[in-house]
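Here is how the chains run, residue by residue.
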Amino acid sequence: MIESLLVANRGEIARRIIRTAKRLGIRVIAVHSEADADLPFVAEADEAVLIGPPNPALSYRNTEAILAAAKSTGAQAIHPGYGFLSENAEFARTVEASGLVWVGPDADAITAMGDKINARNLMAAAGVPVAPGTTDPAADLDAAVTAAAEIGYPVMVKAAAGGGGMGMGVAVDEAALRTEYDKVRAFAERMFGDGSVLIERYFPRVRHVEVQILGLADGRVVALGERECSVQRRNQKLVEESPSPAVSPELRSRLLAAAVRAGEAVGYRNAGTVECLLDPATGEFFFLEMNTRLQVEHPVTEYVYGIDLVEEQLRVASGLVPTFDPDALTPGGHAIEMRINAEDPKRFLPGPGVIRTWVEPTGEGVRVDSGYTEGNTVTPFYDSLLAKLIVSGTTRDEALDRAKAAVAAFQIEGPKNNVPFFAELLTNEEFLSGAYDTGIVSRMR
């Protein structure tokens, strides 16, 4: 097993990785910006290194500073968490070229799946269903208009190099496409340094379902069930649950088999997620993208399968066998995760500030992965995620009951937060029925 680990991230995911690593007896090094010096993850690491000012480009995306911290502390491996450098193939290559262990898929897999058009084409070749769309970037607006006419409106305009719900727009007709194309292209160039745009069929009533895969050290790829991720605002997830209320045993079998084929097509190692769109009316699903990293919502899979995904990541990176039998995976129960964000619960606009009160819920089947505590300042420099509230039960109804009680008990004063939104959601008949789709939040607003 790896003996020392640098966590190249911050907040709740840094704490999450640190917790497992320390349980395994691994020495942990945290890196942090000036803005995060007082956050819990810094204090909980065995050693912490300041790597720059609040601007992420000068700290958490500063590859030279992170590698220098690894060298100065004698770190053996680097875990990137999610976001920041987690899907940066060049950084992964540099880490390994420096003689360090990269806790994630290899750079070739990151590269293969990082470009949405290339990923779509690879998946189609591997027999994974893909939505109707372009097989090459739309070179200009005229090409986009031609492609959309062939696909049929409405269409999704997407940044080929994007991810996390960013760089996307919907066009219901040619006039809207002309606006969205320019907008998405400019955003993609600014955010990702790549203005390539693809056009896909847009499904107005659809569910977002993903499969957790794990590429093992021996070369096998296994699927650890699906997660329902359809409660979203601005194409970004707010709630995830496993198993999905929309997935039958027969559909689950097809979905998981397709996800395994997707991982095998790129020789995948370590944790990853195959995201799909599901038409609940027909049972058809289509490949959306593959996230070559640990997902924010991984705890619901951990509950249902009774494993620690971070430990499994570390074992794969160390060349060790998993803690479970890959041929006898047995899911059980139901889990729901709610993303507690520093944002207005109505319009979902960011609301930083000093946390005056922070009281986490407790009880059977309740887990909180938090990045902050009382007295910390939520700054405007990073993602608004404060914590993840995860609940589990033997059934979905039991998990929902625990979720209601946990949300009622979660006390946060200071920054704006979306806890009231979850209280509202947990009384919404559409959500409670399980028959919801990605439009549920807009219908609530």
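Shown above is the structure to which this text applies.
Overview of the packing of aromatic side chains
Each aromatic ring pair is described using two quantities: the centre-to-centre distance and the angle formed by the ring planes.
And step 1. By the definition in use, this model includes 10 aromatic pairs.
And step 2. Seen in terms of ring centroids, Phe91 and Trp102 are 5.6 Å apart; in terms of plane orientation they differ by 85°. Their pairing is edge-to-face. Taken together, the residues Phe91 in helix H4 (residues 89–97) and Trp102 in strand E5 (residues 101–102) connect sequence positions 11 residues apart.
And step 3. Exposure remark for Phe91: the relative accessible area of 3% places this residue in the buried category.
And step 4. Pairing Phe203 with Phe286 gives two aromatic rings, centres 5.3 Å apart and planes at 15°, and the pair type is stacked. One end of the pair, Phe203, is in the loop between strand E8 (197–201) and strand E9 (207–215); the other, Phe286, is in strand E13 (residues 284–291), with 83 residues separating them in the sequence.

Comments concerning the pattern of salt bridges
Where charged atoms of side chains with opposite charge meet at close range, the side chains can pair.
And step 1. Enumeration according to the criterion identifies 39 salt bridges in this entry.
And step 2. The partner of Asp327 in a salt bridge is Arg220, and the shortest N-O contact between them spans 3.7 Å. Taken together, the residues span a long stretch of sequence, with Asp327 in the loop between helix H11 (309–317) and strand E14 (334–341) and Arg220 in the loop between E9 and strand E10 (221–233) at a distance of 107 residues.
And step 3. A residue is classified by how much of its surface remains accessible, and Asp327, at 67% relative accessible area, is exposed.

Notes on the sheet that holds E8
And step 1. Spatially, three strands are ordered E7-E6-E8 in an open sheet, and the strand pairing comes out antiparallel. Unpaired on one side and paired on the other, strand E7 (168–171) and E8 mark the two borders of the sheet. Sheet twist, expressed as the average angle between the axes of neighbouring strands with direction ignored, equals 25°.
And step 2. Where strand E6 (residues 155–159) lies against E8, five bridges are found, and the strand directions are antiparallel. The partner of Val157 across the bridge, within E8, is Ile199.

Considering the sheet that holds strand E17 (residues 366–370)
And step 1. Overall, antiparallel pairing links the eight strands, which are arranged E13-E12-E9-E10-E11-E14-E19-E17 in an open sheet. Either end of the sheet is taken by a strand with one partner, and the two such strands are E13 and E17. Strand-to-strand twist across the sheet, computed as the mean angle between neighbouring axes with direction ignored, equals 25°.
And step 2. Two strands pair when backbone bridges link them, and strand E11 (residues 236–242) and E14 are joined in this way by four bridges, in the antiparallel orientation. Across the sheet, Ser242 pairs through a bridge with Ala335, a residue of E14.
And step 3. Together, E17 and strand E19 (385–393) form the strand contacts of helix H1 (residues 11–23), whose direction differs from that of E17 by roughly 115°.
And step 4. Across the face of the sheet, helix H10 (residues 298–305) comes into contact with E9, E10, E11, E14, E17 and E19 while running at roughly 160° to E14.

Details of the packing of H4 against helix H5 (residues 107–114)
And step 1. Look at H4 against H5: their axes get within 8 Å of each other, and the N-to-C directions meet at 175°. On the basis of their axis angle, the class for H4 and H5 is roughly antiparallel. Every residue of H5 that contacts H4 at Ala89, Ala92 and Arg93 is listed here: Ala107, Asp108, Ile110 and Thr111.
And step 2. Looking at the contact of H4 with H5 residue by residue, the class counts come to four nonpolar, one polar and two charged.

Brief notes about the side chain of Asn428
And step 1. By secondary structure assignment, the location of Asn428 is in the loop between helix H13 (419–425) and helix H14 (429–433).
And step 2. There is a polar contact of 2.9 Å between the side chain of Asn428 and the backbone nitrogen of Phe431.
And step 3. Those residues in contact with Asn428 that lie beyond four places of it in its chain are Ile440 and Met444.

Details of H4
And step 1. Listing the buried residues of H4 in full gives Ala89, Phe91, Ala92 and Val95. Projection of H4 onto a plane perpendicular to its axis shows the buried side chains occupying an angular sector of 160°, all on one side. More than 90 degrees from the buried face of H4, the exposed residues found are Glu90 and Ala97.
And step 2. Buried residues along H4 sit against helix H3 (63–73), strand E4 (77–79), E5 and H5.

Focus on the environment of Glu240
And step 1. Considering the arrangement of structural elements, one finds Glu240 in strand E11.
And step 2. For the pair Glu240 and Ala109, spaced 131 residues apart in sequence, the C-alpha separation works out to 26 Å.
And step 3. When sequence neighbours within four positions are dropped, the list of residues in contact with Glu240 reads Glu228, Cys229, Glu297, Val300, Ala335, Ile336, Glu337 and Arg339.
And step 4. Separated by 2.8 Å, the side chains of Glu240 and Arg339 make a polar contact.

Some points on the nonpolar core
And step 1. Counting 95 residues, the largest nonpolar core has Leu6, Ile78 and Val231 as the members making the most contacts within it.
And step 2. In terms of residue count, E19 provides more of this core than any other element does, six residues in total.
And step 3. Ignoring sequence-local partners within four residues, the contact set of Leu6 consists of Ile29, Val31, Ile66, Ala69, Ala70, Ala75, Ala77, Ile78 and His79.
And step 4. The next biggest cluster of nonpolar side chains, apart from the first, holds 27 residues, and it includes Ala119, Val211, Ala258 and Leu278.

What about unusual backbone geometry?
And step 1. The residue after Tyr153, namely Pro154, is reached through a cis peptide bond having omega 0°.
And step 2. With respect to the element layout, Pro154 can be found in the loop between helix H7 (141–151) and E6.
And step 3. The omega angle of the peptide bond from Ser242 to Pro243 is 0°, so this bond is cis rather than trans.
And step 4. Here Pro243 shows up in the loop between E11 and helix H9 (249–265).
And step 5. The backbone of Asn235 sits at a positive phi, close to 65°, despite the residue not being glycine.
And step 6. On the secondary structure map, Asn235 appears in the loop between E10 and E11.
And step 7. For Asn235, a relative accessible area of 37% puts it in the partly exposed group.

Procedures and definitions
Residues numbered from 1 in each chain as written. Predicted model: local features only at pLDDT ≥ 70, side-chain atom pairs only at ≥ 80, totals over all residues. Heavy atoms only, no water. Phe/Tyr/Trp six-rings, centres within 6.5 Å; stacked < 30°, edge-to-face > 60°. Helix = DSSP H or I, 4+ residues; strand = E, 2+ residues; numbered from the N terminus. Buried < 20%, exposed > 50% of the residue type's maximum accessible area, 1.4 Å probe, protein only. Salt bridge = Lys/Arg side-chain N within 4 Å of Asp/Glu carboxyl O. Pairing = 2+ DSSP bridges. Axes fitted to C-alpha atoms, helices over the stretch in contact; angles between N-to-C directions. Contact = heavy atoms within 4.5 Å. Parallel < 35°, antiparallel > 145°, perpendicular 65-115°, else oblique. Nonpolar A, V, L, I, M, F, W, Y, C, P; charged D, E, K, R; others polar. Polar contact = N/O pair within 3.5 Å; in protein donor to acceptor, adjacent residues only side chain to side chain. Arc of directions from axis to C-beta. Core = buried A, V, L, I, M, F, W, Y, C linked by side-chain atoms within 4.5 Å.

These figures come from the coordinates and say nothing about function on their own.
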